[in-house]
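# Geometric and topological summary
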Amino acid sequence: MPTKLVINCSTGERAEVEMTAEEVAQQEADALAFAEQEAARQAELDAKAEAKASAQAKLKALGLSDAEIEALV
Amino acid sequence: MATFNLIQTVTVGAGGAATINFTSIPQIYTDLIVYLSGRYDNAVSFNAGALRFNNDSGNNYSYRVLRGNGSSVDSFSGTTSYIEFGTNQGSGSTANIFGSHSAYIPNYAGSTFKSVSMDQVAENNAIETRMQLTSGLWSSTSAITLITIFPGGGYNWVQYSSASLYGISKT
């Protein structure tokens, strides 16, 4: 079992304690939530990057220079 | 004049730890500050950490992050069962480098919702850095008596990760 550090701020007592099954389950649920959140974030970033590349290509096709595109996008 | 009072500080031992828990937090200060120096036992380069209060694992936390990595910036928000607390390195980053974070929690003993402001940095030498500002909210009127700090990916804090809890008093 993973362990947790517990610091009692009133007494100063410290303990390294094995996590309970419930706490391990919560840890697994948290890890899953983080992974889903990060995947959603990455998908959003990828979509933005794709839209930017598409916009740059269209501007290039209209005859704008790279410097002009850079100034716009 | 405000005074910083060290309540407790802890350094993770050789076996690592999945969470760091400050319990029975005295209710005698106006505000709290958490400082964290953290690194994970996983092969990731970077991954997020998290804060949770009073063992509340409901979706009662919301936050917005502004983040830069040295070459690009982004912003995101979430309503989750934790508040994201910066980014730390794993073994995919340069050895022996730890993320550095602080969280300011005003009016932690009051009966209003609890706001948190955080700043965090982590770097992978000469390759990438992560800098992050976070505003967070715990939608609870309960006084904060327990703070849990944990790696978001389900990893462990490695040895020499450390956390300190300070109380701010008016005098």
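The structure this text deals with has already been given above.
In what follows, the accompanying structure is described. (Residues numbered from 1 in each chain as written. Chains lettered and ligands numbered in written order. Predicted model: local features only at pLDDT ≥ 70, side-chain atom pairs only at ≥ 80, totals over all residues.)

### Comments concerning the interface of chain A and chain B
Here is the rule: By the criterion used throughout, residues are in contact when their C-beta atoms, derived from the backbone, lie within 7 Å. The secondary structure listing takes helices from DSSP runs of H or I that are at least 4 residues long and strands from runs of E that are at least 2 residues long, numbered from the N terminus. In this count, Pro and Cys sit with the nonpolar residues alongside Ala, Val, Leu, Ile, Met, Phe, Trp and Tyr, while Asp, Glu, Lys and Arg are called charged and the others, Gly among them, polar. Pairing between two strands is assigned when DSSP locates at least 2 bridges connecting them.
Facing 23 residues of chain A, the contacting portion of chain B comprises 30 residues. Element by element, the count of residues in the side of chain A that touches chain B is highest for helix α1 (residues 21-61) of chain A, at 10 residues. When grouped by side-chain class, the residues that make up the side of chain A that touches chain B number 10 nonpolar, seven polar and six charged. Note: strand β1 (residues 3-8) of chain A against strand β2 (residues 19-23) of chain B, five bridges, orientation parallel. Counted as the bridge partner of I7 of chain A is F22 of chain B from β2 of chain B.

### Comments concerning the nonpolar core
The tendency in soluble globular proteins is for nonpolar side chains to be buried side by side. Residue and element names in this part refer to chain B. The line we're drawing: To define a nonpolar core, we join buried Ala, Val, Leu, Ile, Met, Phe, Trp, Tyr and Cys residues through C-beta atoms within 7 Å and take the resulting set. Counting other C-beta atoms within 10 Å of its own, a residue is labelled buried from 20 upward, exposed at 12 or fewer, and partly exposed in the gap between, with every C-beta atom placed from the backbone.
Membership of the largest hydrophobic core comes to 42 residues, with the highest contact counts inside it found for L51, I83, F85, I147 and I149. When residues of this core are assigned to their parent elements, the largest contribution, four residues, is made by strand β4 (residues 46-53). With residues near it in sequence (within four places) discarded, I149 still touches T19, I20, L36, G49, L51, F85 and A163.

Keep in mind these numbers describe shape, not what the thing actually does.
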